[in-house]
Amino acid sequence: TEAIAQWLARLERRGKSINTRKAYGCDVIQCARHLATRDVHVVGVVSAHDLESWVDDMAIRLKPRSQARRVTAVRRFFDYCIQQRWCTANPAADVRITFRMQRVMAPETADLMRVIDAIPESPADWMDVRDRALLRVSFDAALRAGGVASLDIPTSGTDRAVNLNAGWVRVAQKGGGTTDPIAINEATVTAIRAWLEVRGQVARAGEVALFVSRRGGRMDRRTMHQVCRRRGSAVGLTGLHIHLFRHRRIGDIVERLGVKVACAHAQHAHESTTVNVYGAHAASVTRGLIRQHADLDRLAGAAA
């Protein structure tokens, strides 16, 4: 218990977000509870056999992806324990859960733009102006809901503020820290400017969040997903959520500009993540390049 507390304290000092710390903490605590049933309470005596028993127990209740996430958290915890010299080897080093990433099928770009364009542009209703700006920036910059929620107004002075003059946003990064600047276009900038003109009607004094709820404070993810569902239903797209805007945007960039550019726009740490999630789009790009530059008969004719 003390080891877990110290590890989570280090994660906080290293800038990991509260959601990341909660998730990691819950995963490792669940493992510790299972180990306690085997009368294992000290990190230095945990064996690979003990962890395999924990994985077998998880397999009854959880899908492989959830199992893999928990094993990753436990592996990182034991890496910390080795650094502290509480144990000499990582018992989770060879524990692996294999699973296939689920490919997400998002609506087409035209359908998602129809959702945004259906929102009235009149400044008479601040909620319409806010929702139009919110969906545009989430779509254009391919942001997660948490990233949209983290955005601050241009004058806030924080490192998550919108830069309307330069045409980019920087948001809180998954796991902690902030992203590199992410490009947005002029239409998105115009939508944000329109929202800033009416934002004072609802935002509380001193609130720096770009997007606020009807109570005047920072919008949370749940409220943003409600906005998506409501605006999607208005044009016949049921079950719409904000992450589908991100998936469609990154998928389009993969198809037109390749994985490397899409990886940068998505703020993925590794290109392999982009390929795993958007593999169908990446495969389409590969096929197009082969047809264009390595057609069998053209190559044969050139050789002749």
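Above: the structure in question.
Predicted, not measured: the structure shown is a model, and the values here were computed from it.

**Details of the pattern of salt bridges**
1) Next: According to the stated counting rule, one finds 20 salt bridges in the structure shown.
2) Next: When the shortest N-O distance is used, the salt bridge between Asp140 and Arg249 registers 3.3 Å. Of this pair, Asp140 sits in helix α6 (residues 126-140) while Arg249 is found in helix α10 (residues 242-257), placing the two residues 109 residues apart along the sequence.
3) Next: The class of Asp140 is buried, set by a relative accessible area of 8%.
4) Next: With relative accessibility at 28%, the residue Arg249 sits in the partly exposed group.
5) Next: Taking the shortest distance from any N to any O, the salt bridge between Arg160 and Asp159 comes out at 3.8 Å.
6) Next: According to the relative accessible area criterion, Arg160 is partly exposed, its value standing at 25%.
7) Next: Exposure remark for Asp159: the relative accessible area of 40% places this residue in the partly exposed category.

**Examining helix α1 (residues 2-13)**
1) Next: Over its twelve residues, α1 extends 17 Å from the first C-alpha to the last, a length consistent with the 16 Å expected when each residue adds 1.5 Å.
2) Next: Every buried residue of α1 is listed here: Ala3, Ile4, Trp7, Arg10 and Leu11. Summarising the axial view, the buried residues of α1 lie within an arc of 120°, below the 170-degree limit, and thus occupy one face. Turned more than 90 degrees away from the buried face of α1, the exposed residues are Glu2 and Arg13.
3) Next: Buried residues along α1 sit in contact with α2 (18-37) and α4 (64-83).
4) Next: Downstream of α1 by one or two residues, Gly15 has phi in the positive range, about 90°.

**Brief notes about the nonpolar core**
1) Next: Among the nonpolar cores identified, the biggest contains 47 residues, and Leu143, Leu151, Val169, Trp195 and Phe211 are the most heavily contacted of them.
2) Next: Every element with two or more residues in this core is listed here: α5 (109-117), α6, α7 (145-150), α8 (186-198), α9 (221-233) and α10.
3) Next: Counting residues per element, this core draws most heavily on α6, at eight residues.
4) Next: The residues touching Trp195, leaving out its near neighbours within four places in the chain, are Trp126, Val129, Arg130, Ala133, Val202, Leu210, Phe211 and Val212.
5) Next: One finds Leu11, Cys31, Phe77 and Cys81 within the second-largest nonpolar core, a separate group that totals 25 residues.

Thresholds, definitions, all that
Each chain carries its own residue numbering, running from 1 in the direction its sequence is written. Local features are withheld for residues below a pLDDT of 70 in this predicted model, meaning they are given only at 70 or higher, and side-chain atom pairs are given and counted only at 80 or more; totals for whole chains, interfaces and linings count all residues. To get the side-chain values, all heavy atoms of the structure are used, and hydrogens and water are removed first. Any Lys or Arg side-chain nitrogen located within 4 Å of an Asp or Glu carboxyl oxygen qualifies as a salt bridge. Elements are defined by DSSP. Helices are runs of H or I of four residues or more, strands are runs of E of two residues or more, and each kind is numbered from the N terminus. Note on classification: 1.4 Å probe, protein chains only; a residue is buried when its accessible area is under 20% of the maximum for its type, exposed when over 50%, partly exposed between these limits. One less than the residue count of a helix, multiplied by 1.5 Å, gives the span that helix is expected to have. In this description, the arc belongs to the directions extending from the helix axis to the C-beta atoms. For this analysis, residues touch if any pair of their heavy atoms sits within 4.5 Å. For our purposes a nonpolar core is just a set of buried Ala, Val, Leu, Ile, Met, Phe, Trp, Tyr and Cys residues, chained together by side-chain atoms within 4.5 Å.

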